[in-house]
Amino acid sequence: MVRVVNDATKAMFEDQSLFASASHMNYPTLVNTLKIAFGYFAGMTTLLQAAVLLEETFNYPNGPLSGQGSWVRGVSTPSADNPSNYIVVENGAIKLIGPQTTHQHAIRYQWDEPQLVNGMVYATFDFRASEAPSAASDVRPGFISFDQSGGSQLRGWVGIQAGTEIGTFQLGVSASSQAGSSFVFAERDLDVGITYQVTVGYNIATARTDLWIDAEDLSTVPAATATGSPSNGVRRVQLRLYNSDGGAGTTQLGVFFIDNLSVFSGAAVDPDPEPDPDPVDLVTLPSADKVYLFLLIGQSNMAGRGAIEAEDLEGDPRIAFFNQNRQWQVAREPLHWDRPGFNGVGPALSFARALLPLLPEDAVIGLIPAAQGATPIAQWAKTYSGSATYYGGQYLYPHAVGRAQEAAQVGTLAGILWNQGENDAGSAENDGGNNYRTRLHQLIADLRADLNGPELPFIASTLGPWRANSTAINNVFLDLPNEVPFTATVNTLDPEVAPFLVNNPNDTPHYLSPSYRLLGQLYAQEFAQFLSATTPLQIPVLQIATASEGLSLSWLQAAGLTSFLELSHSLVGPWDTIESFTTAGEEETIQFIDTEVTLGQPRFYRLRLER
């Protein structure tokens, strides 16, 4: 819920995500099913952030990439002996495998060329190799590139060669339009089996290609740079496989995995991604016993990838967050900075807004962001010693614990919110979730030990209900409250809420912003059980059906609340109260029939709740 203050400075609690539309040309035939998804209406288009052109985690079925989503597949000499299956989806990642004798490619069409003329285009992705080239002379040319026009002018190649130590490899870039030529390699040796976050940037005006590996931000010096001949734009991103010499000889390419591919324009890269906040935005906290702290960890759906709207920028001095500069600031989206240019609405702010009315009137909620997109649970282990780090250079676990310990100097750590698992869902299906279960239980034990909270509440969530092949990992989450004390799980698969937790059709791994807000409210509902002498927060679910005399709306309302049913003829208001309802001693199902519905006239409803 969203906490607002009206003209009389009276605290109210308003759920702006519970919208329903009665804008139908066939009103007499409207039946039972609810034509709402918390702001996602028929006939409306949900737009991506302007700078982000695509972002996906390849959640396609296992098998050849050909025909999956917006990917187009090609091979130079397909035949019975060469079935063109070297670019495949495997457990949620793209797998590039050899040996092979032909040039093969998969192209992702996504944007129009004029958007990027004379600008910058970046691709960022998670990369893992299962084996390294065996000799220093074994250069395996570009496996990812940009495409200017139909493959004739390829730019911004990323390739691989043997490292300085046996069993290691190096990544490099080429700005040339020819594969295998003019590669400049980073000096850093990379390890087989480790996932790295790689970013390649191509400057259209200067034909300069830059490569970053696990970079703190893109204003740092690139790990490698190459320059070629200028082009007039780029239109597509391609995954490609070549043999090493560009000819007909067979080359063992090894196996490469690419996940979480994102492509964005230069506008998304801020040279100062987290400037010092305006001093008026900083928060002076009360005594520590009045400050409830929550550690936010997991991957991108905790960090937040939703489009930011006006309500997400509204601040409340009783809700603060521990910013990148380790200062307490009024909480506004985005709270995280793990991937500048991608960060947006997540569940944490709406969690705090929904929880606040259940706390003492002088309480303050402090949010501690520490989530990192595209991270498997193995990288969150206290004992992890690989190369993957949080934005800024620390390992994920000590980074999160360190921030929580520092924040705890001014407050009381009240709970941990965990939203993660997309990167582990495929492997969990293979072993019934046993490995993930062990790692999750160990993570909880380590966090509680290092944060001096043996009963510290830990709230997890099942994955987005749209995700397939996630049964095993979801069962781990659902079993958690019965296996580990002082834990709870948000069940996104619950049929009462699953229809309203929807993903962005243009960014399939991530929720739409209204769904992120609802997810946060569900986290608050689960956490409420750990508060003494409070009434668990009930999330009202608005339902619509037709009746002979008009449009019937009904919802479940918790005890001690007054709901104001408001109406607007446009999604942005103005909103007029058409009825109010109060529940006293027990929860109640409220029903209202709107007899003023006119065929073809849009009507939008929302509930405003006051305790």
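Residues numbered from 1 in each chain as written. Predicted model: local features only at pLDDT ≥ 70, side-chain atom pairs only at ≥ 80, totals over all residues. Heavy atoms only, no water.

### Concerning helix α3 (residues 396–407)
- Compared with an ideal rise of 1.5 Å per residue, which puts twelve residues at 16 Å, α3 spans 17 Å between its outermost C-alpha atoms and is within 8% of the ideal.
- Within the sequence span of α3, burial applies to Leu396, Tyr397, His399, Ala400, Val401, Arg403, Ala404 and Ala407.
- Contact partners of the buried residues in α3: β20 (291–298), β21 (319–322), β22 (328–330), β23 (364–369) and α5 (434–450). (Helix = DSSP H or I, 4+ residues; strand = E, 2+ residues; numbered from the N terminus. Expected span 1.5 Å × (residues − 1). Buried < 20%, exposed > 50% of the residue type's maximum accessible area, 1.4 Å probe, protein only. Contact = heavy atoms within 4.5 Å.)

### Quick look at unusual backbone geometry
- Between Glu333 and Pro334 the backbone carries a cis peptide bond, its omega angle lying at 0°.
- Positionally, Pro334 belongs in the loop between β22 and α2 (348–355).
- The phi angle at Arg326 is positive, at roughly 60°, despite the residue not being glycine.
- By the element assignment, Arg326 lies in the loop between β21 and β22.

### What to know about the nonpolar core
- Leu355, Leu367, Trp418 and Leu440 are the most contacted members of the largest nonpolar core, which totals 84 residues.
- Counting residues per element, this core draws most heavily on helix α7 (residues 513–527), which supplies seven residues.
- Excluding its chain neighbours within four sequence positions, the residues that come into contact with Leu355 are Phe294, Ile365, Ala524, Phe527 and Leu531.
- Of all hydrophobic cores here, the second largest spans 44 residues; its members include Ile160, Tyr202, Ile204 and Ala226. (Core = buried A, V, L, I, M, F, W, Y, C linked by side-chain atoms within 4.5 Å.)

### Comments concerning the side chain of Lys95
- With respect to the secondary-structure elements, Lys95 resides in strand β7 (residues 93–97).
- One polar contact links Lys95 to Glu90, side chain to side chain, over a distance of 2.9 Å. (Polar contact = N/O pair within 3.5 Å; in protein donor to acceptor, adjacent residues only side chain to side chain.)

### Structural notes on the pairing of strand β17 (residues 224–227)
- Going residue by residue along β17, you find Ala224 and Ala226 tucked away on one face and Thr225 and Thr227 left uncovered on the opposite face.
- Examined bridge by bridge, strand β16 (residues 208–213) and β17 share four bridges and lie antiparallel to one another. Counted as the bridge partner of Asp210 is Thr225 from β17. (Pairing = 2+ DSSP bridges.)

### So, the pattern of salt bridges
- Counted by the stated rule, this structure contains 13 salt bridges.
- Note that Asp281 is salt-bridged to Arg332, the shortest N-O span being 2.5 Å. Here Asp281 is found in the loop between β19 (255–265) and β20, whereas its partner Arg332 is found in the loop between β22 and α2, with 51 residues between them in sequence.
- The buried category is assigned to Asp281, whose relative accessible area is 14%.
- We note a salt bridge from Glu311 to Arg517, for which the minimum N-O separation is 3.6 Å. Pair noted here: Glu311 is in the loop between α1 (300–303) and β21 and Arg517 is in helix α7, with a separation of 206 residues, a long-range link. Taken as a pair, Glu311 and Arg517 share a single burial class, namely buried.
- Several salt bridges share partner residues, and in doing so they unite Glu309, Glu311, Asp312 and Arg517 into one network. (Salt bridge = Lys/Arg side-chain N within 4 Å of Asp/Glu carboxyl O.)

### Notes on the packing of aromatic side chains
- Under the counting rule described, the total for this entry stands at 20 aromatic pairs.
- Between Phe183 and Phe185, the aromatic rings sit 5.7 Å apart at their centres with planes inclined by 25°, giving stacked as the arrangement. This pair shows no difference in class: Phe183 is buried, exactly as Phe185 is.
- Ring plane angle 80° and centroid distance 5.5 Å describe the contact between Tyr384 and Tyr395, whose orientation is recorded as edge-to-face. Taken together, the residues span a long stretch of sequence, with Tyr384 in the loop between β23 and α3 and Tyr395 in the loop between β23 and α3 at a distance of eleven residues.
- Under the relative-accessibility criterion, Tyr395 is labelled partly exposed at 30%. (Phe/Tyr/Trp six-rings, centres within 6.5 Å; stacked < 30°, edge-to-face > 60°.)

### Structural notes on the sheet that holds β21
- The seven strands lie next to each other as β22-β21-β23-β20-β24-β25-β26, forming an open sheet whose pairing is mixed. With partners counted over all chains shown, the strands left at the sheet margins are β22 and β26 (487–490), one partner each. Put simply, the sheet's adjacent strands are angled 25° from each other on average, direction ignored.
- Relative to β23, β20 is paired through six bridges, and the arrangement is parallel. Bridge pairing in β23 links Val291 to Val364. (Axes fitted to C-alpha atoms, helices over the stretch in contact; angles between N-to-C directions.)

### What to know about the packing of α3 against α5
- Running from N to C, α3 and α5 point in directions that differ by 35°, and their axes come no closer than 11 Å. At the point where α3 passes α5, the crossing takes the right-handed sense. Of the residues in α5, those touching α3 at Tyr397, Val401 and Gln405 are Leu443, Asp446, Leu447 and Asp450.
- For the contact of α3 with α5, the class distribution of residues is four nonpolar, one polar and two charged. (Left-handed = near helix turned anticlockwise from the far one by under 90°. Nonpolar A, V, L, I, M, F, W, Y, C, P; charged D, E, K, R; others polar.)

Keep in mind that these numbers describe shape and distance, not what the molecule does.
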